[in-house]
Amino acid sequence: MPAEGIGKRGYCTLEELKGTPGCPGDERLCRGAVAVIECLQEIPCNPCEEVCPHGAITVGEPITNLPVLAEDKCCGCGLCLAACPGLAIFLVDVTSGPGEAEVSFPFEFLPLPEAGDGVAAVNRNGDIVTAGTVLSVTNPQRNDRTPIVTISIPREFAMEVRGITIPHRGKGQR
Amino acid sequence: MRITDHPILGREKPRKEITITVDGEPVTAYEGDMIAAALVAAGWRHFRLTRRHGEPRGIFCAIGRCTDCVMNVNGRPNVRTCITPVEAGMVITTQTGSGEWT
Amino acid sequence: MEETDAAIIGAGPAGLAAAIEVARAGGRVVLIDENSRPGGQLFKQIHKFFGSRTHDAGVRGITIAHHLLEECDRFGVTTLLDTVAYGIFAGNGIGLAGGGRTWTLHARRIILAAGASEKALPFPGWTLPGVMGAGALQTMMNVHRVLPGRRILMIGSGNVGLIVSYQALQAGADVVAVVEAAPSIGGYGVHAAKIRRTGIPILTSHTVKRVLGDDHVEGAELVALDEGWHPIEGTERQVPADTICLSVGLTPLTELARMAGCRFTYVPALGGHVPLHNWDMQTSRDTLYVAGDIAGIEEASTALEEGRLAGMAAARSLGLLTEGDAASKKADIRKRLVSLREGPFGRLRRELKEPFMKGREITHAG
């Protein structure tokens, strides 16, 4: 069952993720910015479906269905990132420049990074895998206090990097 | 330690400062604080001493159910400090066991 | 006052929702809570809720709390804070104590929404200052804006343990590890994923052997468990911490229901002793209802819906709603409750609750 890994480790592997309907295929990834929905368990939840203005996410009934991403309808607007209560949706753009990719993720911690900052980018396990640069940090009213951070990283880490280090983690206090 | 800025709760709003006395020492609190919160912010870890062995207890449930945080407040023992708001001039002391009226 | 249509004990999400429904239907409501602020555990829930978007999914618990309080005001609910309901007596008399006096409130209908309390897990050193419930840390951080410690060890990987660990990071503390005795993580994968990306380890098949420290927590000794849940000798290791949080389950606060003579059932996965109730949230005592965690440990979203259901059923039984009106509104709520009790996490709760929610309905007032 796809959720086994996440239930044991607390994060999913890329193989587990690729088996779900919320993960875009490689072909779509290569075409430009697209949402990557990392939702692997049947939980009653559907804000992603309701917030997408392009009808690119379907949950339907019952609302425990895993969200299905309609790759061709997804234009990479990123509205779903702040709407997901599980903070489980990311935006990936592997066409941002040669050898580069942009990854956007929700980041509800202080201090918030700023555009231009150099950061240590982490994978789903919290391990630092590469260095990155912050391109933007947006926090509009409609996000209800879920800022979205976009970083630029080497392209090969596009489907691995899902966050950045938090300075006080491992150090006892902010 | 007070959380002056928080990613969801925002910045702490300014509140009126209140001084309470705890075991003879002045402690700074703010209007609206629960006694236990003001003590925790001031670094307090011990709240009461057990009857038989005089062991310290700290906050446990923080919602008025367990009584590990009870102290003597203005002469009255067994006050659940986690759900009792501070008042200016409160005199608070550590109690042992079920405490005494003082 | 001494007499009312509906008395609701507990001003958390279930109690607030019930109060609103009865007041909306025109009933006089007295809402009672021993705390100095209403909202129950809702004001600690600074994260966005799951569920259906049309019913507050994606909204933070604290925002939902504010909406409920506004609605209570709007419908004229009388709220008694700093007031303890210490007993239920014959003739639906509720013993109340507050402000230095005691009195009895007679209510035609009573809704118990007293919630739950955290379970404790004893181990050597568990009484040291610094060992507290996960909910206690959550209250201190999110309601009182103070940190009782900076290096937190979380015991238990259910949703509470995972969410409070995340919130500890938001508050500026560090979480050393989440320790889980079972071989798999108890809470939602997305909650676990949020904290795994920050590098917080989740140690399954581990438990605390003992606390380190003389008069307050300075660390803990962890030990691995085998398939039979027995400690494996030689796997002990020490971790520094100044706070150890217990997130090992909740149990319904049922004293008033017991006192009132309600019949109970015992369901460990729902928290233990649960008052028997039907789909109207009515107990074995006709004029007494339950809603929220007191009726079995679930979530804030189910507590809200059960509160609505209990409020509506009480209003109907008081003759404040017509049978048709009540029936269709209740049917909508029941559908939402069924939907919230779907999936691998929710299904278990549904399978446990539904068998004892027999279909006895109230069809007339009084």
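Residues numbered from 1 in each chain as written. Chains lettered and ligands numbered in written order. Predicted model: local features only at pLDDT ≥ 70, side-chain atom pairs only at ≥ 80, totals over all residues. Heavy atoms only, no water.

### Topic: the sheet that holds strand β6 (residues 118–122) of chain A
Residues and elements named next belong to chain A.
- Within the open sheet, the seven strands sit side by side as β1-β4-β5-β8-β7-β6-β9. Their pairing is antiparallel. Two strands lie at the open edges of the sheet, namely β1 (34–37) and β9 (163–164), each paired on one side alone.
- With five bridges joining them, β6 and strand β7 (residues 128–138) adopt antiparallel strand pairing. Each bridged residue has a counterpart across the sheet, and for Ala 121 the counterpart in β7 is Thr 130. (Pairing = 2+ DSSP bridges. Helix = DSSP H or I, 4+ residues; strand = E, 2+ residues; numbered from the N terminus.)

### A closer look at empty space enclosed by the protein
- This structure, assessed with the given rule, holds five cavities of 30 Å³ or more.
- For the largest cavity, the lining is made up of 16 residues, of which Cys 39, Cys 45, Pro 67 and Cys 84 of chain A together with Phe 50 of chain C are closest to its centre.
- The residue inventory of the lining of the largest cavity, partitioned by class, reads 14 nonpolar, two polar and no charged. (1 Å grid on protein atoms, 1.4 Å probe; cavity = no way out; pocket = protein on both sides within 12 Å on 5 of 7 lines; lining within 4 Å. Points joined across faces, edges and corners; volume = space filled by probe spheres on them. Nonpolar A, V, L, I, M, F, W, Y, C, P; charged D, E, K, R; others polar.)

### What about the confidence of the model for chain C?
All names here are of chain C.
- Across chain C, pLDDT averages 94, with 97% of residues at or above 70.
- Ignoring residues within four places in sequence, the model shows residues 360–366, a span with pLDDT below 50, making 24 contacts including any to other chains.
- Here the predicted complex scores 0.94 on pTM and 0.97 on ipTM. (pLDDT = per-residue confidence, 0-100. Contact = heavy atoms within 4.5 Å.)

### Topic: unusual backbone geometry
- Each neighbour pair has its own omega, and for Glu 61 of chain A with Pro 62 of chain A the value is -5°, a cis peptide bond.
- On the secondary structure map, Pro 62 of chain A appears in the loop between β2 (57–58) and β3 (68–69).
- Cis geometry marks the peptide bond from Leu 110 of chain A to Pro 111 of chain A, where omega comes out at -5°.
- For Asn 92 of chain C, which is not glycine, the phi dihedral falls at a positive 55°.
- The topology assignment puts Asn 92 of chain C in the loop between β4 (84–89) and β5 (93–98).
- For Asn 92 of chain C, a relative accessible area of 5% puts it in the buried group. (Buried < 20%, exposed > 50% of the residue type's maximum accessible area, 1.4 Å probe, protein only.)

### Brief notes about the interface of chain C and chain A
- Opposite the 46 residues of chain C that make contact, chain A presents 45 residues.
- Each partner contributes to the roughly 3800 Å² buried at the junction of chain C and chain A, and carbon and sulfur atoms together form 51% of this total.
- On the chain C side of the contact with chain A, Lys 48, Arg 53 and Arg 197 of chain C bury the most area, a combined 19% of that side's loss.
- Counting across the interface, chain C meets chain A through three salt bridges.
- Glu 108 of chain A is the partner of Arg 60 of chain C in a salt bridge, and the nearest nitrogen-oxygen pair spans 3.0 Å.
- Where chain C packs against chain A, one counts 27 residue pairs in polar contact (both at pLDDT 80 or more).
- Elements with a minimum of two residues in the side of chain C that touches chain A: α2 (61–74), α4 (159–170), β10 (174–180), α5 (189–196), α8 (323–340) and α9 (343–353) of chain C. (Buried area = accessible area lost by both parts, 1.4 Å probe. Salt bridge = Lys/Arg side-chain N within 4 Å of Asp/Glu carboxyl O. Polar contact = N/O pair within 3.5 Å; in protein donor to acceptor, adjacent residues only side chain to side chain.)

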